[in-house]
Amino acid sequence: MTPRIPLLTQLWHRIEAMPKPEAEDSISLRVLVQLLVIVGIVATDVAIAEPLNLWAIPVSIVGATWSYFRRRYRNVPVKFCIAIGMLVALAAFFGRLVGELNDTRLVLAQLLIHLQILHSFDVPRRKDLGYSMVIGLILLGVAATLSQTLTFAPVILLFLAIALPTLIFDYRSRLGLTQLNSNKTAQSKPSQLFSTLNVRFLALSFLSVVVLGLAIFALLPRFPSYQLRSFPVSSPIDLPQGQFDGTQVFNPGYVSQNDQENNSEGGSSGRSPRQGAGQLDTTFYYGFDTQINQNLRGQLTPKVVMRVRSQARGFWRVVAFDQYTGQGWEISRNDQDEMFMLNRPSWSYQFLLYPQITLSETREIVQSYTIISQLPNLLPAMPWAKEVYFPTQELAVDAERNLRSPLDLREGMTYTVISQVPFRNRSLLGEATNKYPQQIKDYYLEVPQEIREKVRQKTEEILKNVNRVAQNPKPLDTPYEKALYLAQYLKQNPVYRLQEAPPFLREDEDLVEAFLFGYKDSPPGEKVTGGYPDHFATVLTIMLRSIGIPARLVAGFDAGEFNPFTGLYVVRNTDAHAMTEVYFPEYGWFAFNPIPGMELIPPSIEENQTFSALRAFWEWVAGWLPSPVTSILQTIFGTIFLWVARSIRWFLTLFAQGWLGLFTGLLVALIAGFLGWLGFDRWQVWRYHRWLSKLPAEESLYQQMLKLLATKGYPKSSAQTPLEYAHSLRSHHSIDEVEVIEEVSQTYVQWRYGGQSINLNQMRTLIKNLKNAHLKKLKTKRFSSNFLIKK
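Residues numbered from 1 in each chain as written. Predicted model: local features only at pLDDT ≥ 70, side-chain atom pairs only at ≥ 80, totals over all residues. Heavy atoms only, no water.

Looking at an unreviewed UniProt entry, the chain carries the name TransglutaminaseTgpA domain-containing protein, with the source organism given as Limnoraphis robusta CCNP1315.

Set out below in structure tokens:
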């Protein structure tokens, strides 16, 4: 031990002998930096909508205050404790990281907050304050990636309002302008801390940055996200093993079985009965269950149920039904033997599904779903899911490829789905064979015997009249064209209208028959046809089945409202509806939407949101313009932006086409860059000549001489007078050139400051001689270089 004491003593003396840090005395800068850190911490909590890190604000303030009063000391023991604290924070980070491997953003943000708290106890220098500024900016950036609402926008504006004066005080500190901060009287009066700031300048700068930022935001292309495969998933949910068989679906919109038995009328609690006439639940969509009752009446109250971040707009498919019951639908194969149970490893959230076999070209689409309001235990996803990242240990896939969870989807739950979405090629689907597998025939061609012939005759009658109605001489000879026409027929035929409150079906009445031929309980003297939106999908499905085309009913959510500021689709319960899926051998299932007022073909992967913010802005402007003006502008700008979007998409796809595509893309980028540089250079020359044309002739000639000398490497400093500048060039030019420069400068000074008239022709001749001398030098230099090379 004794030999070590001198070493420790020597080390301590060396530490004591080290120069003390140059302390930052500006209270204004310290206060503003601390505010930036606080805004960054608050932004993180605002983004996740949970106050996880608010405790860090008072602790950080205490650390910053203590650090200010100890700024002139070395604080070696404190630094030692800070180092230990950082190691502890790192260990805690790795501990949390194990449970959040699929989305590490929040874990990393919390680590940064912990490091900032420790760092705040030792910020003596301006450089240390700069680190805190960067940490606040990083926290704001992380919060921006986590945010799902516009609540984050005021936080950005607040950060910008604080950042502008912070940069000013930081710049003053770099220049050594700290007289005010070193003044104890000024420090004691908070009102004087910011007295030297130009408030008007700050306000104009703030508005300029906001306007410029919004303009860039509107024009910035929005390319598909998820280029990095780090997917958001909720924390793991532990459930008892072996109790989930996948057969149960929990839809709170229906009355429970016990309530149904005790109350034959149903709906006493405001929820939907599973059978018979009744009222729709106003919150939960009735179509998400193992069976649906389409003899319900009522409307949903709009409510946001989830937010979706997706690489493409789509139909968020939830559940499909194969068996028509006459007044609704059900899943016929809902026993445990038909369930495909999935289990994930404890160290990963990933569930792998068996792939969907199809000849169609497909594209991988990543979607992340955040549940805002309770939903049944059926997972919305684009078709066809191949990977699911979900917090439970088990999932189930039924015979209709519906994804089922062991528990209902609860508020705040997040999961991610990777789907292999097929392209919808009308030509290929039109060429698909009508030789259906036996399993498809067994389940997707069934029509109740009582209405089979009647519906078939009606369907064939509609298809026979296609030439007269659609004025198309080409007959409908493929299942795809028949399905497309029947869907369009139901959408546009005025006989079948959307009804606000169609009559209830009697116990022995069939929905499809009532829709097409009239409800039995229609008012006297009136025949009511049509029905609710989902009734159109049911009718189309049964009509297709009646003519031998396999079809089924599928329910899910429409894409919802796209928010260009957050990049999320905001989905409400009123976006839920049903459609018809038609089977094409070797290509799979494709949906048709016969509901009036909706798109005939559901959202597909060919659509994109590249310029969504600009489109939203244009729609707002167009609302204030007359229709003819809007039409003209939309045609012009629509053509321009369509060409730009296609060009950008074509350029980006080059890099995914192998080495040849990569080489072509680089060559195109090189040519575009050269043409851009050439155009910019010509524009600069045009601006320069335009500027010269606006000057007096004397000033223009003198500026031409300055430009010529600047290109030779002798620019004029703004601090030099014309004569001083001419005198400084004596040692760099020949005697003839110096005489010309001095004569031009002297003439210019006499005109500018003496008010004397000058001989413009003589001045032009002098500048021309100077140019010729410059060109002659260049030619001589080139000749000498070539001679040396040849030699």
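Caption draft 1: Molecular detail of helix α22 (residues 697-711). With 15 residues, α22 ought to run about 21 Å at 1.5 Å a step, and its terminal C-alpha atoms sit 21 Å apart, in line with that. Within α22 the residues assigned to the buried category are E698, E699, S700, L701, Y702, Q703, M705, L706, L708 and L709. Among the residues trailing α22, G713 stands out with phi positive, at a value near 100 degrees. (Helix = DSSP H or I, 4+ residues; strand = E, 2+ residues; numbered from the N terminus. Expected span 1.5 Å × (residues − 1). Buried < 20%, exposed > 50% of the residue type's maximum accessible area, 1.4 Å probe, protein only.)

Caption draft 2: Region of interest: the pairing of strand β4 (residues 304-310). The buried fraction of β4 is high, at five of seven residues. Note: β4 against strand β17 (residues 568-572), four bridges, orientation antiparallel. Across the sheet, V304 pairs through a bridge with R572, a residue of β17. By the bridge criterion, five bridges tie β4 to strand β10 (residues 362-371) in an arrangement that is antiparallel. Across the sheet, M306 pairs through a bridge with I371, a residue of β10. (Pairing = 2+ DSSP bridges.)

Caption draft 3: How the structure looks around the sheet that holds strand β2 (residues 291-293). Spatial ordering of the open sheet is given by β2-β7-β6, a layout of three strands whose pairing is antiparallel. Each having just a single partner strand, β2 and β6 (323-324) make up the two edges of the open sheet. Sheet analysis places β6 next to strand β7 (residues 328-330), joined by two bridges and oriented antiparallel. Residue pairing for β7: Y324 is matched across the bridge by W329.

Caption draft 4: Quick peek at the environment of G130. Topologically, G130 is positioned in helix α6 (residues 126-146). Taking C-alpha positions, G130 is 9.9 Å from L167, a pair spaced 37 residues apart along the chain.

Caption draft 5: Geometry of the sheet that holds β4. With respect to topology, seven strands assemble into an open sheet ordered β9-β11-β14-β10-β4-β17-β16, the strand pairing being antiparallel. Each having just a single partner strand, β9 (350-352) and β16 (561-563) make up the two edges of the open sheet. Averaged over all neighbouring strand pairs, the angle between strand axes comes to 25 degrees, with direction disregarded. (Axes fitted to C-alpha atoms, helices over the stretch in contact; angles between N-to-C directions.)

Caption draft 6: Quick peek at the packing of aromatic side chains. Tallying each qualifying case throughout the model produces 28 aromatic pairs. Each ring, one from Y485 and one from Y489, has its centre 6.4 Å from the other, and the planes form 40 degrees; the classification is tilted. A residue pair is termed a helical-turn pair when its members lie 3 or 4 positions apart in one helix, as Y485 and Y489 do in helix α16 (residues 479-492) at four residues. Residue Y489 is classed as buried on the basis of its relative accessible area, which comes to 18%. The ring of F592 is capped by R424, whose NZ or CZ atom sits 4.6 Å from the centre of that ring. The residue whose ring lies beneath K707 is Y688, and the NZ or CZ to ring-centre distance is 5.2 Å. (Phe/Tyr/Trp six-rings, centres within 6.5 Å; stacked < 30°, edge-to-face > 60°. Lys NZ or Arg CZ within 6 Å of the ring centre and 35° of its normal.)

Caption draft 7: Focus on the packing of helix α14 (residues 449-464) against helix α18 (residues 533-546). Put simply, α14 and α18 touch, their axes get as near as 8 Å, and they point 90 degrees apart. Between α14 and α18, the angle falls in the class roughly perpendicular. Here I451, R452, V455, R456, T459 and I462 of α14 lie close against α18, whose contacting residues are I542, M543 and S546. Residue composition of the contact of α14 with α18, grouped by class: five nonpolar, two polar and two charged. (Parallel < 35°, antiparallel > 145°, perpendicular 65-115°, else oblique. Contact = heavy atoms within 4.5 Å. Nonpolar A, V, L, I, M, F, W, Y, C, P; charged D, E, K, R; others polar.)

Caption draft 8: Broad picture of helix α7 (residues 152-175). The end-to-end C-alpha distance of α7, which contains 24 residues, comes to 35 Å, matching closely the 34 Å that a straight helix rising 1.5 Å per residue would cover. All buried positions along α7 are accounted for by F152, V155, F159, L160, I162, A163, L164, P165, T166, F169, D170 and S173. Lining the buried residues of α7 we find α2 (27-48), α6 and α10 (199-219). Immediately beyond the C-terminal end of α7, within one or two residues, lies G176, with a positive phi of roughly 80 degrees.

Caption draft 9: Examining the UniProt feature "transmembrane region" (unreviewed entry) in the chain more closely. UniProt records the feature "transmembrane region" (unreviewed entry) for residues 27-46, 52-69, 76-98, 133-164, 201-220, 632-652 and 658-680 in the present numbering. Secondary structure across residues 658-680 divides into 100% helix and 0% strand, with the first and last C-alpha atoms of the span separated by 32 Å. (UniProt positions renumbered as here; feature names shortened; annotations may be inferred.)

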